[in-house]
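Observations on the three-dimensional arrangement
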Amino acid sequence: MFIAIATLILSFLTLLPLPAWANPIKTEHVQAQLVSEVNSIQPGQSFWVGLHFQIKPGWHTYWKNPGDSGAAPTIAWTLPSGFSAGELVYPYPERLPTSGLMNFGYKNEVMLLSQITTPANINTDKPIQLSAKADWLVCEQECIPENATLNLNLEIAKETPVPNTKWTKVFEKTRAALPQDSPWQSTTRINGETLTLRVNAQQLQANQIKEVVFFPNQDGIINNAAAQKASFDKDGLTVELERGNRSDVKQVSGVLVLQEVLDGQIANQAFTIATQIETAATPQATSPALWNVLGLALLGGIALNLMPCVFPVLSLKALNVVQKSNFSKQEVRLRGLVFTAGVLISFTALATVLIVLRSFGQQIGWGFQLQSPVFVTLLAYLMFAVGLSLSGVFIFGASLMGMGQGLAARNGLWGEFFTGVFATVVATPCTAPFMATAIGVALTQTPGVAIAIFLFLGLGLAFPYLLIGFLPGLQKVLPKPGAWMETFAQFLAFPMYAATAWLVWVLAQQTGSTGLAAALFGLVLIGFAAWLHQKTYTISGWTRRFASIAALVVLGFALTLAQLPSSIAPNVANSKTQQTTSSGLNWQPYNAQKLAELRQSGKPVFVNFSAAWCITCLVNERVALNQSDTIAAFQEKNVALLKADWTNRDTEITQTLAAFGRSGVPLYLLYPANSDTPQILPQILSPQQVQEKVKSL
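A brief look at the structure comes next. (Residues numbered from 1 in each chain as written. Predicted model: local features only at pLDDT ≥ 70, side-chain atom pairs only at ≥ 80, totals over all residues. Heavy atoms only, no water.)

Residues Leu 378, Leu 552, Leu 555 and Leu 559 make up a contiguous nonpolar surface patch of about 340 Å² in total accessible area. With three residues, helix α13 (residues 542-562) is the single largest residue contributor to the nonpolar patch. Assignment of secondary structure puts Leu 378 in helix α6 (residues 373-391). (Patch = residues over 30% accessible without salt bridge, like charges linked within 9 Å, V, L, I, M, F, W, Y side chains within 5 Å. Areas by Shrake-Rupley, 256 points an atom, 1.4 Å probe, with all protein chains shown as cover. Salt bridge = Lys/Arg side-chain N within 4 Å of Asp/Glu carboxyl O. Helix = DSSP H or I, 4+ residues; strand = E, 2+ residues; numbered from the N terminus.)

Following this line, the structure appears as structure tokens:
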């Protein structure tokens, strides 16, 4: 009797459509699986599959544009022959603020859809398997990359597929959250730092709209963390957005989400927006703002001459100034112009590299080249070689650094030009007053405007030396030439040696003892090559040729050693562990999670954005922060101290700097207790300024 009943039940079940089945993968934070909208599929028909995430409370995943940080989910399909899969379709996201940044993503649960097309000539005798490798990033305050290979098995049936009732509501909810094509005409305008989105929707009522949020499809279009200001009039909706860092914006596309009150209930509607940029203002209206920025750049360049970062090159500048008393007025002016040309060309090259790298998505800012251990090593070599030349260890031409009368005029002008190049390279670690605003604006403009701003910055750096060349009164006060000039030049070699020592110390912070050893050995080789070149300079014949070849080989080996630090993992000991200075300041390493935890606990927080290669940062720490009265003020107010060390490239720090309109260090933020808005301190600190700010908390 039992066998008969079991046989009847089994026979009945075989007449029913078999459900789709899959293998959900569960990690510590997410359960992921592939889900079909139907229990079986038909040959030659399309059907929808969902990549479903069940997310741990407090955690989130990301939209296709993750915002200021994060990464969008990806899926790579492995399908039976003849099958094809469409791109992922995303429901609209929500804004996820994180420590001054803004991300776009999902909490709790989300399903991303993909349409699968089935071939017409498919074997119906056995089920098929869809397989996909999914990668996603799940974050709370920390972020964890996860992945899984997901499988979905489906029966093939000739009749119309039956819906997968277990997942019907989830598919309905997902489709309700998919952005629809906008029924309204939209326009976009850019006016200075404002991007204005205009939607001609006369039927929208201001008293019914609770919230308006625009999510751009591409990063860099808007400042994601800035407030979005929506207003209504009789013709529709206007949304004012703060521009992002992209200067090449030709069109704007994204998702506009309206939170509306309908029949006493709140409902969200999402619409796709795609518009071309329209010109919002005439040149007469925009030119004053541009001239203001150019003026700031000029003042910033002049102030750069007074910054500690430029001190290493002051010896060459002082030597140039003294030399000017040895030339005619015309020669002095020509040399000033050539020096300025070296500065301007260098700033143009630096700006071009910076703009190009940022256009490729690189998170870099002002002074980015000093985050490269190879560049730091080569710059240390250059400083050391200049010092050796000033000391007379080796000489190019007839006299030291082009000082003597026998040096050709052409060589002297080349010396002026490369002094300008050298001054630019050494000055780039610094951010002077007025510079932050100018550079921040430059990185959001078109390449032409950005380069113009950088040129004015370079003009400011060269301005004092142009004045000497074109004001005869200043030339009269210069000291008279004499034998003392050679001694003066030799004395000025020591700032170059000090700069070399500083750069080697920076390299040690980046690469540790191995990189330090490679650089020191490279310096010894450069010293030997310079000595060998000079020792055989006056010898003729094969001896001199052999010595020159040997010097070049030694120099080549030193340059090869400069590549070694790039293969060494960055030394993160200083930036990722707690640091205690000799004066008693306890710095904790900065990250967004730590900052959020401290602010949520109600403690005031001081954040120090710094780098080992930023001399201004080091001077500020020594002069203003590591003072007993400042330390006492921090302790009295129970201020937590965070250091964001930008010595090595750090995307999170770069993004945070950009969120505050900065592209370089130093930056000092003081968060009062229970406040989301920090006080921004000046780039040049004094003990009194810091103590007054802290005591006012």
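Turning next to a negative patch on the surface. Residues Glu 28, Glu 140, Glu 142 and Glu 597 make up a contiguous surface patch of negative charge. Within the secondary structure, Glu 28 sits in the loop between β2 (25-26) and β3 (30-36). Classification of Glu 28 by relative accessible area gives exposed; the value is 63%. (Lys, Arg positive; Asp, Glu negative; His and termini not counted. Charge placed at Lys NZ, Arg CZ, Asp CG, Glu CD. Buried < 20%, exposed > 50% of the residue type's maximum accessible area, 1.4 Å probe, protein only.)

At Asn 108, a residue that is not glycine, the phi angle is positive and equals roughly 65°. As for its placement among the helices and strands, Asn 108 is situated in the loop between β10 (101-107) and β11 (109-117). Backbone geometry at Asn 638 places phi at a positive 55°, although glycine is not the residue there. Mapped onto the secondary structure, Asn 638 falls in the loop between α17 (628-636) and β25 (640-645). Look at Asn 638 and you get partly exposed, because its relative accessible area is 46%.

One way to put it is that helix α12 (residues 493-535) packs onto α13 with a least axis distance of 9 Å and a crossing angle of 165°. In terms of orientation, α12 lies roughly antiparallel with respect to α13. The hand of the α12/α13 crossing is left-handed. Residues Ala 518, Phe 521, Gly 522, Leu 525, Ile 526, Phe 528, Ala 529 and Leu 532 of α12 pack against Ala 547, Ala 550, Ala 551, Val 554, Leu 555, Phe 557, Ala 558 and Leu 561 of α13. (Axes fitted to C-alpha atoms, helices over the stretch in contact; angles between N-to-C directions. Parallel < 35°, antiparallel > 145°, perpendicular 65-115°, else oblique. Left-handed = near helix turned anticlockwise from the far one by under 90°. Contact = heavy atoms within 4.5 Å.)

Here we come to the packing of α6 against α12. Running from N to C, α6 and α12 cross one another at 20°; their axes reach a closest spacing of 4 Å. Judged by the inter-axis angle, α6 sits roughly parallel to α12. Crossing hand, α6 versus α12: right-handed. Class assignment of the residues belonging to the contact of α6 with α12 gives a composition of 23 nonpolar, eight polar and no charged. (Nonpolar A, V, L, I, M, F, W, Y, C, P; charged D, E, K, R; others polar.)

This brings us to the pairing of strand β17 (residues 209-216). Residues in a regular strand point their side chains to alternate faces of the sheet. Judged by how many residues are buried, β17 sits mostly within the fold: six of eight residues are covered. Judged from the seven bridges that link them, β17 and strand β20 (residues 251-262) form a sheet pairing that is antiparallel. The residue of β20 that forms the bridge with Glu 211 is Gln 259. (Pairing = 2+ DSSP bridges.)

Further remarks concern the pattern of salt bridges. Summed over all chains, the structure comprises four salt bridges. Taking the shortest distance from any N to any O, the salt bridge between Asp 233 and Arg 198 comes out at 2.8 Å. Here Asp 233, found in strand β18 (residues 229-233), pairs with Arg 198, found in strand β16 (residues 194-199); they are 35 residues apart in sequence, far enough to count as distant. For Asp 233, a relative accessible area of 40% gives the class partly exposed. A residue is classified by how much of its surface remains accessible, and Arg 198, at 16% relative accessible area, is buried. A salt bridge links Glu 621 to Lys 643, with the shortest nitrogen-to-oxygen separation between them at 3.2 Å. With Glu 621 in helix α16 (residues 615-625) and Lys 643 in strand β25, the pair connects residues that are 22 residues apart, well separated along the chain. What makes Glu 621 buried here is its relative accessible area of 9%.

Turning our attention to the sheet that holds β3. Ordered by their spatial adjacency, five strands build an open sheet running β2-β3-β5-β11-β8, and the pairing between neighbours is antiparallel. Among the strands making up the open sheet, the edge pair consists of β2 and β8 (84-85). Looking at chain direction, β8 and β11 are connected through two bridges and run antiparallel. Residue pairing across strands places Ala 85 opposite Ile 116, the latter belonging to β11.

Taken across its seven residues, β3 has six buried, putting it largely inside the fold. Where β2 folds back on β3, the antiparallel hairpin that results is connected by three residues.

On to the nonpolar core, then. The biggest cluster of nonpolar side chains holds 68 residues, and the ones touching the most others in it are Phe 606, Val 607, Phe 609, Leu 625, Phe 634 and Val 665. Ranked by residue count, the leading element in this core is α12, at 15 residues. Counting 41 residues, the second-largest nonpolar core is a separate cluster that includes Leu 51, Phe 83, Tyr 92 and Leu 130. (Core = buried A, V, L, I, M, F, W, Y, C linked by side-chain atoms within 4.5 Å.)

The next subject is the state of the cysteines. Chemically, a disulfide is nothing more than a covalent bond linking the sulfur atoms of two cysteines. Taken as a whole, this structure holds one disulfide when the rule is applied. A disulfide bridge connects Cys 139 with Cys 143, and the sulfur atoms are separated by 2.0 Å. An S-S torsion of about 120° defines the bridge between Cys 139 and Cys 143 as right-handed. Exposure remark for Cys 139: the relative accessible area of 1% places this residue in the buried category. Judged by relative accessible area, which is 40%, Cys 143 ranks as partly exposed. (Disulfide = S-S within 2.5 Å.)

What follows concerns α13. Helix length check: α13 (21 residues) gives 30 Å between terminal C-alpha atoms against 30 Å at 1.5 Å per residue, within 8%. Looking only at α13, the buried set comprises Ala 547, Ala 551, Val 554, Ala 558, Leu 561 and Ala 562. One face of α13 carries all of its buried residues, which in axial projection span an arc of 110°. What points out from α13, more than 90 degrees from its buried face, is the exposed set Trp 542, Phe 546, Ile 549, Leu 552, Val 553 and Thr 560. Against α6 and α12 lie the buried residues of α13. (Expected span 1.5 Å × (residues − 1). Arc of directions from axis to C-beta.)

Honestly, it's all geometry; don't read function into it.
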